[in-house]
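Structure assessment
The residues making up each chain are set out below.
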Amino acid sequence: MTTRQDLMTLAGHMRQSASLFIQDIGNGLLVVSHNTLALVGLAVVSVMLVFTSQAGLRENLESATLGWLNARHEARAEADGNTLLATAEPDAIARATAIDPRDLSRQQAAVAHWLARRYSVAPEPISRLVQEAWAVGNRAKVEPTLILAIMAIESRFNPFAQSSVGAQGLMQVMTRVHDDKYEAFGGTLAAFDPVTNLRVGVQVLKECIQRAGGLEDGLRFYVGGANLAEDTGYTARVMAEHDLLKSVASGRSVPANTIPNIVRPMREAASAPTGGDSAQIALLR
């Protein structure tokens, strides 16, 4: 009986010891885990403090991370056959010479839509050119419809047009002659920017009208026919288109396929400007 009690007592002590041992281990693991989490938290806070205090380091890390994510995204897109994503430019729209025709006045919108139908071009880029013709024309005291008529006859609104003698762009300005005028726009390659070509062309036109003393003679100088008795009908065609555009701008209904009534009277050759101007005018075309 005594032996049995001793065994039971011993077993009880062993259970207590085992329970205490397990409890100690659990407490130890809990303390260790708490300490580990505290160390991890401390490390995270330290890293955050470092990046917060050093903007350059933070930006570099963000840039590197974003670049890596974008590269991964592009690689997956190319694997799926989408090659456009790698060349995407969200800011490309800023380079587009185009506006919504609804942003124009009623008069300007009528002209833009008429030109778009007549020359089979999109109304959005034409609307931007119409807007610019009104703005530059009012500043230069040149009728906007005359500016648009010249563009229509010169290039049919092709901003990349080039003549056999080197006249370039919408208004077919001789870039090599008027290279000084393009300096304010970054150089002669700006001749192929539609808005820049329009602005330079209007300046050249204004100078020609001032030299000639009148609109029609100014147009002859503009086209390089100041010394000729006949300018191959250029002035008559521009003026006829100008009249149609003025009718459209005034609210009249003019079919887009209207053939203008072109009158080409024979006349005496205009006197050419003297001095260095004559060479410059001769090179306009």
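Residues numbered from 1 in each chain as written. Predicted model: local features only at pLDDT ≥ 70, side-chain atom pairs only at ≥ 80, totals over all residues. Heavy atoms only, no water.

**What about the overall build of the protein?**
Counting secondary structure elements, the protein contains 9 helices and 2 strands. Along its sequence from the N terminus, the protein presents helices and strands in the succession α-α-α-α-α-β-β-α-α-α-α. Partitioning the contacts of the protein with sequence separation of at least 6, the portion at a separation of at least 24 is 57%. Working note: accessible area of the protein is about 17,400 Å², and carbon and sulfur atoms make up 58% of it. (Helix = DSSP H or I, 4+ residues; strand = E, 2+ residues; numbered from the N terminus. Contact = heavy atoms within 4.5 Å. Areas by Shrake-Rupley, 256 points an atom, 1.4 Å probe, with all protein chains shown as cover.)

**Brief notes about the packing of helix α5 (residues 144-155) against helix α8 (residues 234-249)**
Look at α5 against α8: their axes get within 8 Å of each other, and the N-to-C directions meet at 130 degrees. For the element pair α5 / α8, the angle class is oblique. The two elements α5 and α8 meet at a crossing, and its hand is right-handed. Contacts between α5 and α8 involve Thr 145, Leu 146, Leu 148, Ala 149, Ile 150, Ala 152, Ile 153 and Glu 154 on the former and, on the latter, Tyr 234, Arg 237, Val 238, Glu 241, His 242, Leu 245, Lys 246 and Ala 249. Each residue belonging to the contact of α5 with α8 can be placed in one class, and the counts come to 10 nonpolar, 2 polar and 4 charged. (Axes fitted to C-alpha atoms, helices over the stretch in contact; angles between N-to-C directions. Parallel < 35°, antiparallel > 145°, perpendicular 65-115°, else oblique. Left-handed = near helix turned anticlockwise from the far one by under 90°. Nonpolar A, V, L, I, M, F, W, Y, C, P; charged D, E, K, R; others polar.)

**Notes on unusual backbone geometry**
At Lys 141, a residue that is not glycine, the phi angle is positive and equals roughly 60 degrees. Note that Lys 141 resides in the loop between α4 (123-140) and α5. You will see that Arg 156, though not glycine, has its phi angle at about 55 degrees, which is positive. With respect to the element layout, Arg 156 can be found in the loop between α5 and β1 (167-168).

**A closer look at the confidence of the model for the protein**
The predicted structure's coordinates, where accompanied by low pLDDT, should not be read in detail. On average, residues of the protein score 82 in pLDDT, and 69% of them reach the 70 mark or higher. pLDDT under 50 marks residues 266-284. Its contacts with residues more than four places away, or in other chains, come to 42 contacts. (pLDDT = per-residue confidence, 0-100.)

**Digging into α5**
In a regular helix each residue adds 1.5 Å, so 12 residues correspond to 16 Å; α5 covers 17 Å between its end C-alpha atoms and thus fits that length. Burial runs high along α5: 11 of the 12 residues are buried. Burial in α5 covers these residues: Pro 144, Thr 145, Leu 146, Ile 147, Leu 148, Ala 149, Ile 150, Met 151, Ala 152, Glu 154 and Ser 155. In this structure, the buried side of α5 is in contact with α3 (106-119), α4, α6 (194-212), α7 (215-223) and α8. (Expected span 1.5 Å × (residues − 1). Buried < 20%, exposed > 50% of the residue type's maximum accessible area, 1.4 Å probe, protein only.)

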